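# Reading the structure
For reference, the chains in residue letters:
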Amino acid sequence: MAETSENADINAVDAFLQGGSLKNAPGPYFGKFGGRWMPESLIAALDEVQDTFEKAKADPEFLAQLADLNKNYSGRPSLLTEAKNFSAYAGGARVFLKREDLNHTGSHKINNVLGQALLAKRMGKTRVIAETGAGQHGVASATAAALLGLECVVYMGAEDCRRQALNVARMQLLGATVVPVTNGSQTLKDAINDALRDWVSNVDTTHYLLGTAAGAHPFPAMVRFFHEVIGEEARAQILEQTGKLPDAVCACIGGGSNAIGIFHSFLDDPSVKIYGFEAGGDGVETGRHAAAITLGRPGVLHGARSYLMQDEDGQTVESHSISAGLDYPSVGPEHSYLADIGRVTYEPITDTEAMEAFRLLCRTEGIIPAIESAHALAGAIKVGKRLTEGQATPSDTIVIVNLSGRGDKDVETAADWFDMLDEDGNVKGTTLSTRKPKGPAERLADAEKDQN
Amino acid sequence: MTEAIASKSAAAIDRAKSQGRAALIGYLPAGYPSVQASIDAGIAMAQNGADLIEIGIPYSDPVMDGPVIQAATTEAIENGFHVASVFDVVAGITAATDVAVLVMTYWNPVVRMGVDEFSRRLAEAGGAGLITPDLIPDEASEWFDASDKYGLDRVFLVAPSSTPERLAMTVKASRGFVYAVSIMGVTGTRQDVSSSAERLVADTHAAGAKRVCVGLGVSNAGHVREIAAYADGVIVGTALVAAIRDGGVPAVADLTRDLSAGLAREVA
Ligand SMILES: Cc1ncc(COP(=O)(O)O)c(C=O)c1O
């Protein structure tokens, strides 16, 4: 088996070098990665999803329905905005932001969710479940469920519920049930475990709306398909605005969905360098990070063989990142493959580097990015400097950054990071708490406490 | 089923059959609450009516397990359990008894050690084979090679959702017995055993399986009796884990004795 996949790698690289295509890898395998490392109980459901997806992809009616929702509900196409002030910090390269932050619900996640929710309807399912880290995928799922009349249950690590309380409230307002997950590290991977347990038990009525390009076949290829619109738009927009292809494309990597969505359209252009930025947390040398490709080794988790942070026993190692959306110890299998064949370069970005880029974008462009996306921005700063080094006209260099989401959800984390809060969690000099406002019951209890 | 290699699990099930009853298969995780306790509990199960023993490897992401087993395996890992200790547990039980001892494991710990290396050490410890809840035959080519090389049983799972094609394929890929998942769900005790189990066992037999054992949700002697009427073996997990949690090895012995009372087929 190992031999054939090594040959497959070599063949893929050869094909690419000879003008073949890397773009539309159908799965289940991406080189030696991917597959279905799943309980037998779920295989029939995966087959049903795959079958429904294949048919939908070839059905003009489905594609029209999806295009209509993308345009008239999400607000696509999203803008490609040139960040002219930010550019000075990236060696003077021209930096263009693909504005997925402007989509309805505030991130790229909606693209995949609308596609899968339509598939759920086609399969006659009445209920969708989802995992969420930052809460963006949960919010997007709750949104699509509300729109399409589906019941929605979202699993979210208890630690992430605390980090992203605002998004918990958003999901509830949209009618979803949020289940805090207290197992394990109480973050994204444990939320996925609980979602899988739910799916096994309720598979007749329920579709598991996986939020990233990971998991068992057909999820990696299917989630990519729904995000390909990002890259397709970006390619057309950059050609229109600059008359040429970019020199580099940058994206952050959690499970890898926003990244594979924008990479897709450039994979077959050898002149375009492609970069994925993983969460380096406190620094990869500290062990507290989420850089699965940089430091992991191949293993199987959540249905796919891919790079995985694991100890010598094969136990999953807890990941760490300031960004809940990147706090995942593995990565989608297509990225592992693209890393192995050298088509995409993956590098870690520390919390500090990401937060510096976060502040920079706020101050120079008036855009508050998601902390996830700030990893891509920090990466673009490095790439811009690298590519323009020694260049007479750095502005000949063009870098596209996938700005995967907006930072509203991250205001508390950022205020804390930049030391804007006092001991009570209030914005310094005010009584304004960044924490969730107290409800009537809590205010009453406080009043009683004061009297005692 | 592949029969060229002598199967320890098949022999244990056939021995029970020759006594006019179904086999009892008891599950406990290795290292809970300690490696020695796992060995003692395994021996206690063997001495009180279990024909096969399934030793689970505690794993960080046990997606097929409910809260009781999750809590136990998490505690085992927190107490410092290492995967290699599973071989000590297997060796400890096989040295003291003549039950067949299988290891139940999620796949990544095996991948990490190396499928061949893991299999070699399991065979050396006297293990009968592996039950693999998240490995389907479609992905198992390395495991086919290693299990043939070291003469180990390959126990794959079938579920009420398995199509006839997948049943046939899985039966062919398995050695020892086929593990029929009684319900669509995760491990845990349940009030009733679902009626889908009987049908699944019949379909799996019809697909060519000589031995089909039923697990998931089997909690008491009543359930055992019900399943023993149509299956070749009955697998009990969560109830035994709760017993060792609440009453240690003596409670495991008592429960096993209790459960085994349900095994005898009613003589018509
Ligand atoms: C804004 C944003 N960007 C990126 C990610 C990371 O996910 P992925 O790698 O699948 O794009 C998330 C996940 O929550 C997110 O909310």
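The residue numbers shown here count from 1 along each chain, following its written sequence. Lettering for chains starts from A, numbering for ligands starts from 1, and both go in the order in which the items are written. Where totals are concerned, whole chains, interfaces and linings use all residues; where local detail is concerned, this predicted model gives features only for residues with pLDDT of at least 70, and gives and counts side-chain atom pairs only at 80 or more. Note: side-chain values were computed over all heavy atoms of the structure, leaving out hydrogens and water.

### A look at the interface of chain B and chain A
- Contact definition: two residues touch when any of their heavy atoms are within 4.5 Å. At the junction of the two partners, chain B supplies 35 residues and chain A supplies 34 residues.
- Two parts placed together each lose some accessible area; with a 1.4 Å probe, that loss summed over both constitutes the buried area. Summed over both partners, the interface of chain B with chain A buries about 3,000 Å², with 49% contributed by carbon and sulfur atoms.
- Summed over the three residues of chain B that lose the most area to chain A, namely V63, R112 and E139 of chain B, the buried surface amounts to 23% of that side.
- Distance and chemistry together define a polar contact, namely a pair of N or O atoms within 3.5 Å, with one atom able to donate a hydrogen and the other to accept it when in protein, and with adjacent residues in sequence counting only for side-chain atoms on both sides. Applying the counting criterion to the chain B and chain A interface returns 21 residue pairs in polar contact (both at pLDDT 80 or more).
- Going through the elements one at a time, helix 3 (67-78), helix 5 (107-113) and strand 6 (157-158) of chain B are the ones with two or more residues in the side of chain B that touches chain A.
- The secondary structure listing takes helices from DSSP runs of H or I that are at least 4 residues long and strands from runs of E that are at least 2 residues long, numbered from the N terminus. It is helix 5 of chain B that provides the largest number of residues to the side of chain B that touches chain A, a total of five residues.
- Residues are grouped as follows: Ala, Val, Leu, Ile, Met, Phe, Trp, Tyr, Cys and Pro are nonpolar; Asp, Glu, Lys and Arg are charged; all remaining types, including Gly, are polar. Across the side of chain B that touches chain A, the residue classes break down as 20 nonpolar, eight polar and seven charged.

### Section: the pairing of strand 9 (residues 233-236) of chain B
Residues and elements named next belong to chain B.
- Because side chains alternate across strand 9, one face comprises the buried residues G233 and I235, and the other comprises V234 and V236, equally buried.
- Pairing of strand 1 (residues 23-29) with strand 9 involves four bridges; the strand directions are parallel. In the sheet register, I25 faces strand 9, and the bridge partner there is I235.
- Each pair of strands is called paired provided DSSP finds at least two bridges between the two strands. Where strand 8 (residues 212-215) meets strand 9, two bridges bridge the pair, whose relative direction is parallel. For the exposure calls, accessible area comes from a 1.4 Å probe over protein chains only, and a residue counts as buried if that area is under 20% of its type's maximum, exposed if over 50%, partly exposed in between.

### Some thoughts on the site of the ligand
Residue and element names in this part refer to chain A.
- Proximity is defined per residue: if any heavy atom of the residue lies within 4 Å of a molecule or strand, that residue is considered near it. The environment of the ligand is made up of 18 residues, and the closest members are T212, G254, G256, S257 and S404.
- In this structure, a nitrogen atom belonging to the ligand sits 2.6 Å away from a side-chain N or O atom of S404.
- Accessibility throughout is a Shrake-Rupley quantity obtained with a 1.4 Å probe, and a residue counts as covered only by protein chains that appear here. Considering the ligand on its own, with 390 Å² of exposed area, one finds that the protein chains cover 98% of that surface.
- Looking at the shell around the ligand residue by residue, the class counts come to five nonpolar, eleven polar and two charged.

### Observations concerning the environment of S323 of chain A
All names here are of chain A.
- Mapped onto the fold, S323 is located in the loop between strand 13 (303-308) and helix 12 (333-340).
- Classification of S323 as buried rests on a relative accessible area of 1%.
- Those residues in contact with S323, other than ones at most four positions away along the chain, are I371, E372 and H375.

### Looking at the sheet that holds strand 6 of chain B
All names here are of chain B.
- Read across the open sheet, the nine strands follow the order 5-4-3-2-1-9-8-7-6; overall the sheet is parallel. With partners counted over all chains shown, the strands left at the sheet margins are strand 5 (153-155) and strand 6, one partner each.
- Pairing geometry for strand 2 (residues 52-56) and strand 3 (residues 100-104), over five bridges, is parallel. The partner of I55 across the bridge, within strand 3, is V103.
- Sheet strands in contact with helix 4 (residues 85-96) are strand 2 and strand 3, and its direction is about 165° off that of strand 3.
- In this analysis an axis means a line fitted to C-alpha atoms, helices contributing only their contacting stretch, and an angle means the value between N-to-C directions, from 0 to 180 degrees. Strands strand 1 and strand 9 of the sheet are contacted by helix 11 (residues 238-260), whose axis makes an angle of about 170° with strand 1.

### Section: the packing of aromatic side chains
Residue and element names in this part refer to chain A.
- Planes of paired rings set the category: under 30 degrees apart is stacked, over 60 is edge-to-face and the rest tilted, where pairs are Phe, Tyr or Trp rings (Trp by its six-membered ring) whose centres lie within 6.5 Å. What the rule picks out here adds up to 14 aromatic pairs over all chains.
- With centroids separated by 6.3 Å and ring planes inclined at 25°, the aromatic side chains of F358 and F418 adopt a geometry described as stacked. Of the two residues, F358 sits in helix 13 (residues 351-365) while F418 sits in the loop between helix 15 (411-417) and helix 16 (440-451), which places them 60 residues apart along the sequence.
- Classification of F358 by relative accessible area gives buried; the value is 5%.
- Among the aromatic residues, those joined into a ring-pair cluster are F53, F62, F225 and F226.
- Lying over the aromatic face of F225, K57 brings its terminal NZ or CZ to 5.6 Å of the ring centre. Any Lys NZ or Arg CZ found within 6 Å of a ring centre and within 35 degrees of that ring's normal is scored as a charge over the ring.

### Some thoughts on the confidence of the model for chain B
- A residue's pLDDT is the predictor's confidence in that residue, given on a scale from 0 to 100. On average, residues of chain B score 94 in pLDDT, and 97% of them are at 70 or above.
- This prediction of the complex comes with two scores: 0.94 for pTM and 0.95 for ipTM.

### Some points on the pairing of strand 1 of chain B
All names here are of chain B.
- Most of strand 1 sits inside the fold, with seven of its seven residues counted as buried.
- Side chains of strand 1 alternate between two faces, with A23, I25, Y27 and P29 and L24, G26 and L28 buried alike.
- Where strand 1 meets strand 2, five bridges bridge the pair, whose relative direction is parallel. Paired with P29 across the bridge in strand 2 is G56.
- Handedness of the β-α-β unit built from strand 1, helix 2 (residues 35-47) and strand 2 comes out right-handed. Classification remark: right-handed applies to a crossover when, strands pointing away from the viewer, the course from the first strand over the helix to the second runs clockwise.

### Some words on the packing of helix 3 (residues 60-74) of chain A against helix 4 (residues 109-122) of chain A
All names here are of chain A.
- Two elements in contact, helix 3 and helix 4, have axes separated by 10 Å at closest approach and are oriented at 140°. Between helix 3 and helix 4, the interaxial angle falls into the category oblique. Both helix 3 and helix 4 take part in a crossing whose hand is right-handed. Each of F62, Q65, L66, L69, N70, Y73 and S74 in helix 3 lies in contact with helix 4, whose residues at this interface are I110, N111, L114, G115, L118, L119 and R122. Oblique is the label for every angle not falling under 35 degrees (roughly parallel), over 145 degrees (roughly antiparallel), or within 65 to 115 degrees (roughly perpendicular). By definition, any crossing whose near helix is turned counterclockwise from its far helix by less than a right angle is left-handed, and any crossing with a clockwise turn is right-handed.

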